[in-house]
Amino acid sequence: MKHLSKETKYLLMIGMLYLAGTNIAMTFVNVYLIRLTNNIGFIIIQNIFNYTALLSAFIGGTQLIHKLDLKVILDIGIISTCLYYLSILMLQKEASLLLIPLGIFNGIGQGFYYFSFNLLTGKLVKENEQGRFFSYQQSFSYIFGVITPSISGVIIARFTTLKGYYILFSFAVLLFILGMVISRNMSSFSENKNIRMIEALKVKHNKYWNTLKYYSFSNGIRESIYNQIFTVFAYAIINNEQIIGNCNSLMAFIGIFSSICIASQFNRNNQKNYHLIASIIYFVICLLLGTTRSFIMLVIFYVLMGFIYCWNNTIYQSMKYQLSNASATILSPYEFITASEFPIALGRITGLSFALILCQLMTPINAYGLLMIIGGSIWLIDHVVINKEVKWLEGENNGTL
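Throughout, residues of each chain are indexed from 1 in the direction in which the sequence is written. Selection of residues for local features in this predicted model requires a pLDDT of at least 70, selection of side-chain atom pairs for listing and counting requires 80 or more, and totals for whole chains, interfaces and linings are taken over all residues. For side-chain calculations, the full set of non-hydrogen atoms in the structure is used, while hydrogens and water are omitted.

### Focus on the overall build of the protein
Counting its secondary structure elements, the protein contains 14 helices and 0 strands. Its helices and strands in sequence order give the protein the pattern α-α-α-α-α-α-α-α-α-α-α-α-α-α, from N to C terminus. Atoms counted for the radius of gyration: C-alpha only. Globule rule: 2.2 Å times residue count to the power 0.38. Its C-alpha atoms give the protein a radius of gyration of 20 Å, within 12% of the compact-globule value 21 Å for 401 residues. For the protein, the C-alpha atoms occupy an extent of roughly 55 × 45 × 40 Å along the three principal directions. Counting across all 401 residues of the protein, residues that qualify as buried make up 58%. Contacts between residues were defined by any pair of non-hydrogen atoms, one from each residue, lying within 4.5 Å. At a minimum sequence separation of 6, the contacts of the protein that also span at least 24 residues come to 86%. Where accessible areas are quoted, they stem from the Shrake-Rupley method and a 1.4 Å probe; at the residue level, only the protein chains shown are allowed to cover. As displayed, the protein has an accessible area near 15,800 Å², and 64% of this comes from carbon and sulfur atoms. When charges are counted, Lys and Arg are positive and Asp and Glu negative, with His and the chain ends excluded. The atoms used to mark charge sites are NZ of Lys, CZ of Arg, CG of Asp and CD of Glu. Positive and negative side-chain charges in the protein, numbering 27 and 16 respectively, have mean positions lying 3 Å apart. Every helix listed is a DSSP run of H or I at least four residues long, and every strand listed is a run of E at least two residues long, numbered separately from the N terminus. Only protein chains enter the accessibility calculation, which uses a 1.4 Å probe; a residue is then buried when its area is under 20% of its type maximum, exposed when over 50%, and partly exposed in between.

Below you can see the structure in the form of structure tokens.
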């Protein structure tokens, strides 16, 4: 972190804590809700409302930015996320009756957080810092992930009731609160100009913007399928939260090494090759896990995902800012970054809707396997499309991220 500015370090710590908190909670939240409702379809519907609300919050953020500091909007997002998990804690079994309202509330919180965080990242993180910034963010998230999933699995297995889940969600809330405390050290940022999202969405014949829209949409599909299905699929295979927690810790431990030693070195001259390697590995392990559904393959999946998942996340986050900068003409990069949330949200809703349909047409275990295979092919498709449209921006701007 010594190569990052002071403000960037604070933003990095906030992003790391928020990501760690959501990852810790989300590791078991879908399993928790399924145990409450015994209905995966209802939970998918909740997440569709969640992502719709997230998009609405982005639109609301463009109106609030003239009245509130970006740091205040960031805190509103973190507080709302805290309240979502606190509501689950307090409502306990009654939470199953309010899944859709809770999903909407969570979406609003996430929307405000990512709206402000994206703009702050664009303002604070220099282009030659982006590779380190995003890889460090992943690394610190993995560090939290090494110990907490195993401990979480032990806690959940230790209690026969749902009390273990409440302890887990409480820890996530503490991480969110710590992020808000750190945000007090950041400078204030405001935006006087309108963020013209609709105008950005209407831009045509701009290959960089078209590529960013596609990449955002496809990532939304893949992310929603993976986040919604993978842990539930793993639970269906082994039916043991403690083992899932141990595997997540193993994946996180490997991810620390991969993020610090490999992903932090990515730049415009090598990101294409690393993305291709990750894409091939991801497709193969998703195909094998989706067809075999075996414990051994599940462990192999966790190990290899520890190596490659941070590669894709680092490259995707960096490419968003690279493509938004390249897209900028009469509109600013911030406007393209903000507008890219529309195709991301549409991709998430599309992915979840497809998952919902498959879960209604076939048994859940078969649907999960097929969805893993479909999701696993998306990185490969992305690689071909981005290479065709913009050649992965190789060699532009002296090869820096």
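### Some points on the nonpolar core
Throughout this description, the term nonpolar core refers to a set of buried Ala, Val, Leu, Ile, Met, Phe, Trp, Tyr and Cys residues connected via side-chain atoms within 4.5 Å. Counting residues in hydrophobic clusters, the biggest one holds 129 residues, and the most contacted among them are Phe169, Phe301 and Met305. If you tally residues by element for this core, the top one is helix 1 (residues 6–37), at 15 residues. Setting aside anything within four residues of it in sequence, one finds Phe169 in contact with Ala25, Val29, Tyr32, Tyr85, Ile88 and Leu89.

### Considerations on the environment of Ser324
In this structure, Ser324 sits in helix 11 (residues 295–327). The exposure class assigned to Ser324 is buried, which follows from its relative accessible area of 1%. C-alpha of Ser324 to C-alpha of Ala339: the two residues are 15 residues apart in sequence and 9.9 Å apart in space. In contact with Ser324, not counting residues within four places along its chain, are Leu212, Pro333, Phe336 and Ile337. At 3.0 Å, the side chain of Ser324 forms a polar contact with the backbone oxygen of Tyr321. Contacts described as polar in this section are N or O atom pairs within 3.5 Å, which, within protein, must combine one atom able to donate a hydrogen with one able to accept it, while residues neighboring in sequence count only if both atoms come from side chains.

### Looking at the state of the cysteines
Defined by distance alone, a disulfide is two cysteine sulfur atoms within 2.5 Å. Enumeration according to the criterion identifies 0 disulfides in this entry. Here Cys261 stays unpaired: no disulfide links it, and the sulfur of Cys310, its closest cysteine neighbor, is 10 Å away.

### Focus on the packing of aromatic side chains
Side-chain rings of Phe, Tyr and Trp (the six-membered ring for Trp) are treated as a pair once their centres are within 6.5 Å; stacked means planes under 30 degrees apart, edge-to-face means over 60, and tilted covers the remaining angles. For the structure on display, the rule yields 22 aromatic pairs. With a centroid separation of 4.9 Å and 65 degrees between ring planes, the pair formed by Tyr84 and Tyr85 is classed as edge-to-face. Accessibility classification places Tyr84 together with Tyr85 in one group, the buried group. Judged by centre distance (5.3 Å) and plane angle (90 degrees), the ring pair of Tyr274 and Trp311 falls under edge-to-face. Of the two residues, Tyr274 sits in helix 10 (residues 271–292) while Trp311 sits in helix 11, which places them 37 residues apart along the sequence. Through a chain of ring-to-ring contacts, three or more aromatic side chains come together here, namely Tyr18, Tyr84, Tyr85, Tyr113, Tyr114, Phe117 and Phe176. Cation placement over rings: the criterion is NZ of Lys or CZ of Arg within 6 Å of the ring centroid and within 35° of the ring normal. Taking the ring centre of Tyr334 as reference, the NZ or CZ of Lys123 above it sits at 5.2 Å.

### A look at helix 8 (residues 207–238)
The first and last C-alpha atoms of helix 8 sit 45 Å apart over 32 residues, in line with the 46 Å expected at 1.5 Å per residue. In helix 8, a bend of some 35 degrees at Ile229 exceeds every other bend along the element. Counted residue by residue, helix 8 has 23 buried out of 32 residues, so it is predominantly covered. Its side-chain oxygen 3.1 Å from the backbone nitrogen of Tyr208, Asn206 forms the N-cap of helix 8. Downstream of helix 8 by a residue or two, Asn239 has a phi angle that is positive, lying close to 55 degrees. In this scheme, a helix's expected span is set at 1.5 Å multiplied by one less than its residue total. Bend at a given residue is defined as the angle between two axes, one fitted to the seven residues that end at that position and one fitted to the seven that begin there.

### Describing the environment of Ile108
Relative to the helices and strands, Ile108 resides in helix 4 (residues 99–124). In this structure the C-alpha to C-alpha distance between Ile108 and Arg184, which are 76 residues apart in sequence, comes to 22 Å. If we skip the residues at most four places from it in the chain, Ile108 touches Ala53, Leu54 and Ala57.

### Thoughts on the packing of helix 3 (residues 70–91) against helix 6 (residues 163–183)
The relative placement of two packed helices is expressed as an angle between their axes plus a distance between the axes. In the contact formed by helix 3 and helix 6, the axes pass within 9 Å of each other and the chain directions differ by 165 degrees. For the element pair helix 3 / helix 6, the angle class is roughly antiparallel. Remark: the crossing between helix 3 and helix 6 carries left-handed chirality. Within the contact between the two elements, helix 3 uses Lys71, Asp75, Ile78, Ile79, Thr81, Cys82, Tyr85, Leu86, Ile88 and Leu89 and helix 6 uses Tyr166, Phe169, Ser170, Val173, Phe176, Ile177, Met180 and Ser183. Its residues placed into classes, the contact of helix 3 with helix 6 shows 13 nonpolar, 3 polar and 2 charged. A fitted line through C-alpha atoms represents every axis, and for helices the fit uses only the stretch in contact; the resulting angles, taken between N-to-C directions, go from 0 to 180 degrees. Small angles under 35 degrees read as roughly parallel and large ones over 145 as roughly antiparallel, with 65 to 115 read as roughly perpendicular and the rest as oblique. Less than a right angle of anticlockwise turn of the near helix away from the far helix marks a crossing as left-handed, whereas a clockwise turn marks it as right-handed. Each residue gets one label: Ala, Val, Leu, Ile, Met, Phe, Trp, Tyr, Cys and Pro are nonpolar, Asp, Glu, Lys and Arg are charged, and the others, such as Gly, are polar.

### Description of the pattern of salt bridges
Salt bridge, as used here: a side-chain nitrogen of Lys or Arg that lies within 4 Å of a carboxyl oxygen of Asp or Glu. Summed over all chains, the structure comprises 3 salt bridges. A salt bridge links Glu335 to Arg196; its shortest N-O distance comes to 2.8 Å. Note that Glu335 is positioned in helix 12 (residues 333–339) and Arg196 in the loop between helix 6 and helix 7 (197–202), a separation of 139 residues in sequence. By relative accessible area, Arg196 is classed as partly exposed at 33%. Between Glu223 and Arg348 there is a salt bridge whose closest N-O contact spans 2.6 Å. Linking Glu223 in helix 8 with Arg348 in helix 13 (residues 341–361), this pair joins segments that are 125 residues apart in sequence.

These results come straight from atomic positions and should not be treated as a statement about function.
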